[in-house]
Amino acid sequence: MADTPDTHESGFAARYAQALYDAAFGQNRLDATIDEMASLGRLLDESEPLRRLLANRLTDIAKAGPVLNQALQAQGFSALVRNFVQVALANRRAADLPALIRGFAAHVAAKRGELIADITSAHPLSDLQRNQLRARLTEAGYGRVNLREAVDPAVLGGLSVKIGAKLYDTTLRSRLERLTYSLKGAA
């Protein structure tokens with residue numbers, strides 16, 4: 001296994017995660033920073049204009065950076081998290097901010113001895129389904145697992161579960177693709 005906390009996160013995300021973790025730990029603000037980074041991730045997920053702004057490589061960061069900093073300050077984000085975002089912007093990593101947030105979450109989970117399972121389903125999971133999934137993952141030897149859920153109607157049904165480099169795909173879409181492939185081979 002690699003030295004990175006979550007093997008599917010890139011090296012730069014792991015470096016940013018380690019730096020933020022160390023700074024937050026040193027300032028005795030680790031729990032607050034974890035919560036703020038989760039809030040920042042939700043903010044990016046919910047704000048299409050913000051995602052477009054950050055993803056646009058033509059955005060003038062010299063002008064957008066201070067505006068974004070003021071907006072985050074107005075939302076109650078700490079100086080540590082705002083500085084993290086500013087460093088990412090200064091290093092031309094604005095489009096990678098979602099990956100940096102995921103990398104931080106993965107790093108924190110690894111430090112706590114937890115795994116992150118990326119779950120993709122056609123519809124949001126119910127509490128019962130989440131609990132059953134956690135139980136199955138525990139039975140499979142994964143111990144403490146945090147679920148990171150995504151909804152993608154294109155999977156049609158079933159689940160896709162990715163833990164580290166392992167992928168368990170029981171989606172209807174992948175089954176149909178395999179069936180189509182096998183039928184083409186039989187013809």
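Look above for the structure.
Residues numbered from 1 in each chain as written. Predicted model: local features only at pLDDT ≥ 70, side-chain atom pairs only at ≥ 80, totals over all residues. Heavy atoms only, no water.

1. A word on the pairing of strand 1 (residues 115-121)
Heads up, the condition is: The classification of residues rests on relative accessible area computed with a 1.4 Å probe and restricted to protein chains. Under 20% of the type maximum is buried, over 50% is exposed, and intermediate values are partly exposed. A run of H or I in DSSP counts as a helix once it spans at least four residues, and a run of E counts as a strand once it spans at least two, with each numbered from the N terminus. In this analysis, strands are considered paired if DSSP registers two or more bridges between them. If the strands point away from the viewer and the path from the first strand over the helix to the second runs clockwise, then the crossover is right-handed.
Within strand 1, five of the seven residues are buried, leaving the element largely enclosed by the surrounding structure. Bridge count for strand 1 against strand 2 (residues 145-151) is seven bridges, and the pairing is parallel. Bridge pairing in strand 2 links Thr-120 to Ala-150. With helix 7 (residues 127-139) bridging strand 1 and its parallel neighbour strand 2, the resulting β-α-β unit is right-handed.

2. Digging into the pattern of salt bridges
Definition in use: One side-chain nitrogen of Lys or Arg within 4 Å of one carboxyl oxygen of Asp or Glu is enough to make a salt bridge.
What the rule picks out here adds up to ten salt bridges. Where Glu-48 meets Arg-52, a salt bridge forms, and the shortest distance between an N and an O atom there is 3.8 Å. Here Glu-48 and its partner Arg-52 are both found in helix 3 (residues 48-55), four residues apart, which amounts to about one turn of the helix. A single salt-bridge network, built from bridges that share partners, covers Glu-48, Arg-51 and Arg-52.

3. Observations regarding the nonpolar core
Using the following cut-off: The nonpolar core is taken to be a set of buried Ala, Val, Leu, Ile, Met, Phe, Trp, Tyr and Cys residues, with the residues joined through side-chain atoms within 4.5 Å. Throughout, a contact is declared for two residues whenever any of their heavy atoms are within 4.5 Å.
Counting 29 residues, the largest nonpolar core has Met-37, Leu-40, Leu-54, Leu-97, Leu-100 and Phe-104 as its most contacted members. Mapped by element, the contributors of at least two residues to this core are helix 1 (11-26), helix 2 (30-46), helix 3, helix 4 (61-74), helix 5 (79-90) and helix 6 (97-111). Here the element with the most residues in this core is helix 1; it accounts for seven residues. In this view, Leu-40 contacts Leu-72, Phe-77, Val-81, Val-85 and Ile-101; residues no more than four positions away in its chain are not counted. If you look at the next biggest cluster of nonpolar residues, it comprises eleven residues, including Ile-119, Leu-133, Leu-137 and Val-161.

4. A short note on the side chain of Thr-171
Worth spelling out the cut-off: Any pair of N or O atoms that falls within 3.5 Å is considered a polar contact. Within protein, one atom must be able to donate a hydrogen and the other to accept it, and sequence-neighbouring residues count only if both atoms are side-chain atoms.
Here Thr-171 lies in the loop between strand 4 (166-169) and helix 8 (172-186). Of note is the side chain of Thr-171, whose polar atom sits 2.7 Å from the side chain of Asp-169. With residues near it in sequence (within four places) discarded, Thr-171 still touches Val-155, Gly-157, Gly-158, Leu-159 and Ser-160.

5. Let's talk about the environment of Ala-24
Note that Ala-24 resides in helix 1. Classification of Ala-24 by relative accessible area gives buried; the value is 0%. Residues Ala-24 and Gln-129 lie 105 residues apart in sequence; the distance between their C-alpha atoms is 34 Å. With sequence-adjacent residues up to four places away left out, Ala-24 is seen in contact with Arg-29, Leu-30, Thr-33 and Leu-80.

6. Some thoughts on the sheet that holds strand 2
This is how the line gets drawn: All axes are obtained by fitting lines to C-alpha atoms, using only the stretch in contact for helices, and the reported angles, taken between N-to-C directions, cover 0 to 180 degrees.
Pairing in this open sheet of four strands is mixed, and the strands run 2-1-3-4 from one edge to the other. Edge strands, defined here as strands with exactly one partner in the open sheet, are strand 2 and strand 4. Between one strand and the next, the sheet's axes are offset by a mean angle of 20°, whatever the strand orientation. Pairing between strand 3 (residues 159-163) and strand 4: four bridges, direction antiparallel. Looking at the pairing, Ile-163 lines up with Lys-166 of strand 4. Against the sheet, helix 7 contacts strand 1, strand 2 and strand 3, and its axis sits at roughly 130° relative to strand 2.

Taken by themselves, the reported measurements are silent on function.
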